[in-house]
Amino acid sequence: MGVDLDLVSRLVRGDSLYTPPGGEVEPADIIPASFASSAEAKEAVSRGSDLLASGRVAAVIVAGGQGSRLGIDAPKGVVEVTPVRGKSLFCLFAEKILALRRRFGHAVPLFIMTSRENDAPTRTYFQERGFFGLGSQNVHFFVQGMLPSVTPEGRFILSETGGVFMNPDGHGGTFRALRDNGCLGLMASLGIEEIFYFQVDNPLVKVCDPLFIGLHSANGAQMSTKVVRKASYDERVGVIVKQGGRTCLLEYSDMADEVRYATDHRGHMLYWAGNMAVHMIRRDFAETVTSRGTELPFHRAAKKIVGLDAAGNPTRMDGIKFESFIFDALPLARRSVTLEVAREEEFAPVKNMTGTDSLVSSRQLQSNLHASWLGRMGVDVPAGVLVEISPLFALDFEELQHKQDRIPRSIQEDTYVG
Ligand code: UTP
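As the structure is a prediction and not an experimental result, all values here were calculated from the model.

### Quick word on the nonpolar core
Counting 54 residues, the largest nonpolar core has Phe90, Ile112, Phe126, Phe196, Phe198, Val207 and Cys208 as the members making the most contacts within it. Among the elements that take part in this core, helix α3 (residues 89-104) stands out by supplying 9 residues, more than any other. Discounting residues that sit within four places of it in the chain, Cys208 has contacts with Leu52, Val57, Ala59, Leu100, Val108, Phe196 and Ile213.

### Overview of the site of the ligand
Every one of the 18 residues lining the ligand counts as a neighbour, but Val62, Gln66, Ser68, Gln144 and Lys351 are closest to it. Measuring from an oxygen atom of the ligand, one finds a backbone N or O atom of Gln66 at 2.7 Å. Between Lys76 and the ligand, the recorded distance is 3.3 Å, taken from a side-chain N or O atom to an oxygen atom. In terms of residue class, the shell around the ligand is built from 5 nonpolar, 9 polar and 4 charged.

### What to know about the packing of helix α6 (residues 183-190) against helix α9 (residues 283-291)
Axis separation between α6 and α9 bottoms out at 11 Å; the angle between their running directions is 150°. One element, α6, and the other, α9, form an angle in the roughly antiparallel class. Of the two elements, α6 crosses α9, and the hand of that crossing is left-handed. Contact residues: α6 offers Leu184, Met187 and Ala188, while α9 offers Arg283, Ala286, Glu287 and Thr290. Tallied by class, the residues present in the contact of α6 with α9 amount to 4 nonpolar, 1 polar and 2 charged.

### Notes on a nonpolar patch on the surface
A cluster of nonpolar residues, Val3, Leu5 and Phe156, forms a patch on the protein surface that exposes about 260 Å² of accessible area. In this fold, Leu5 is placed in helix α1 (residues 5-13). On the accessibility criterion, Leu5 (54% relative accessible area) is exposed.

### So, helix α2 (residues 39-53)
Over its 15 residues, α2 runs 22 Å from end to end, which matches the ideal 21 Å to within 8%, given 1.5 Å per residue. Tucked into the core, α2 has its buried residues touching β2 (57-62), α3 and α7 (210-218). Just beyond α2, the residue with positive phi is Gly55, at close to 70°.

### Quick look at the environment of Asp318
Turning to its location among the elements, Asp318 is positioned in strand β14 (residues 314-323). In sequence terms Asp318 and Ala302 are 16 residues apart; their C-alpha atoms lie 7.2 Å from each other. Here Asp318 is in contact with Thr151, Pro152, Ile157, Lys303 and Lys304, once residues within four sequence places are set aside. Side-chain polar atoms of Asp318 contact the side chain of Lys304, separated by 2.5 Å.

### With respect to the sheet that holds β14
Read across the sheet, 3 strands follow the order β6-β13-β14 without closing on themselves; strand pairing throughout is antiparallel. The open sheet is flanked by β6 (158-159) and β14, the only strands paired with a single partner. As paired strands, β6 and strand β13 (residues 299-308) are joined by 2 bridges and run antiparallel to one another. Bridge pairing in β13 links Ser159 to Gly307.

Calculation criteria
Residues numbered from 1 in each chain as written. Predicted model: local features only at pLDDT ≥ 70, side-chain atom pairs only at ≥ 80, totals over all residues. Heavy atoms only, no water. Core = buried A, V, L, I, M, F, W, Y, C linked by side-chain atoms within 4.5 Å. Buried < 20%, exposed > 50% of the residue type's maximum accessible area, 1.4 Å probe, protein only. Helix = DSSP H or I, 4+ residues; strand = E, 2+ residues; numbered from the N terminus. Contact = heavy atoms within 4.5 Å. Near = heavy atom within 4 Å. Polar contact = N/O pair within 3.5 Å; in protein donor to acceptor, adjacent residues only side chain to side chain. Nonpolar A, V, L, I, M, F, W, Y, C, P; charged D, E, K, R; others polar. Axes fitted to C-alpha atoms, helices over the stretch in contact; angles between N-to-C directions. Parallel < 35°, antiparallel > 145°, perpendicular 65-115°, else oblique. Left-handed = near helix turned anticlockwise from the far one by under 90°. Patch = residues over 30% accessible without salt bridge, like charges linked within 9 Å, V, L, I, M, F, W, Y side chains within 5 Å. Areas by Shrake-Rupley, 256 points an atom, 1.4 Å probe, with all protein chains shown as cover. Salt bridge = Lys/Arg side-chain N within 4 Å of Asp/Glu carboxyl O. Expected span 1.5 Å × (residues − 1). Pairing = 2+ DSSP bridges.

Here is the structure:
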């Protein structure tokens with residue numbers, strides 16, 4: 001794979017790097033979670049449903065990350081994440097997409113961004129499982145770009161496996177990778193207008209949520225974001241704000257204390273809109289972002305790298321990696337919708353094996369949500385018992401309600417409803 005030497009020399013010189021936008025930080029305009037139960041929400045849901053039924057929406061999963069915190073030697077998407085059946089993230093997302101096809105009568109093409117390292121195992125995983133019934137023609141893999149990591153002095157590092165040491169160019173590389181791999185062109189030929197973008201590590205994601213699609217589309221937005229209320233002032237998550245009049249993401253590390261701890265007139269957290277990394281992106285906006293010739297800015301991060309020293313021996317050394325982030329496209333959008341959703345319904349990321357945002361906490365959160373659906377239908381799930389509802393049985397509570405006669409009347413042990 002070639003190295004974009006011009007880009008690397010600009011990055012080493014400090015050009016093309018991210019600089020926080022100046023200007024006063026203000027709270028973003030946010031559609032509250034309560035909107036979902038309003039009369040206007042029905043219109044948005046119907047608009048989103050029409051777009052799905054007419055085949056105008058594609059799903060993009062970004063799965064090119066290294067998953068270093070999880071520390072497994074496989075693509076993150078194969079992690080067995082559901083609480084009872086132990087379905088993998090990829091299997092779960094595929095089933096959600098299959099359920100959408102059944103509901104709306106049109107296939108949602110799935111695009112999966114991989115990295116050079118995990119592309120082959122990801123493809124093999126899908127092939128060996130018959131693409132989970134999606135049909136190979138509806139699943140498209142595309143490989144993201146790589147960038148060299150450098151020493152603190154800006155020199156290339158030789159890798160143990162030969163050549164220059166490279167790292168994936170971040171989830172902001174999605175735009176460029178979609179274009180360079182012909183996916184934007186393919187989407188255009190399929191009549192796709194909107195892209196539902198999500199990360200590989202959140203099993204609770206409401207894939208192609210018609211409400212979100214409809215709100216984004218009805219507002220003429222180019223890129224939109226789902227947010228959840230931050231769990232605490234110090235939760236390490238980026239926050240959607242307005243700065244210089246534009247909606248943008250303020251990273252946790254760039255947040256001054258007076259912003260982080262700011263409160264509203266009732267004494268509540270002012271900047272609470274935690275980024276869930278779920279976006280709607282208009283296809284033509286993705287094209288504009290990639291055709292500007294001005295790629296998204298890059299962020300530098302210090303990182304320990306095992307490379308070859310001058311004598312050719314493997315050595316752990318200080319390195320700098322460069323990555324771009326998808327949310328840096330937000331300020332380029334003329335319009336953007338920010339929609340609040342309930343954390344317990346849509347957010348259970350798997351970043352670590354145990355503790356916060358882990359495989360353990362995520363399984364429990366998935367079970368809690370499904371137990372709450374069953375509880376609303378009069379079926380209590382005892383503490384310590386896990387439940388799992390297949391997306392192919394019910395994608396949401398409303399669908400479960402229509403299947404009252406097919407759910408167990410009492411639950412005493414771990415139960416899979418499928
Ligand atoms: P994270 O920032 O959580 O990184 O990625 P990660 O690689 O999964 O995990 P750590 O930080 O090494 O432990 C958020 C999402 O963005 C994707 C990941 O696959 C995940 O879905 N991603 C990240 C890419 O697709 N490419 C990248 O270069 C970076």
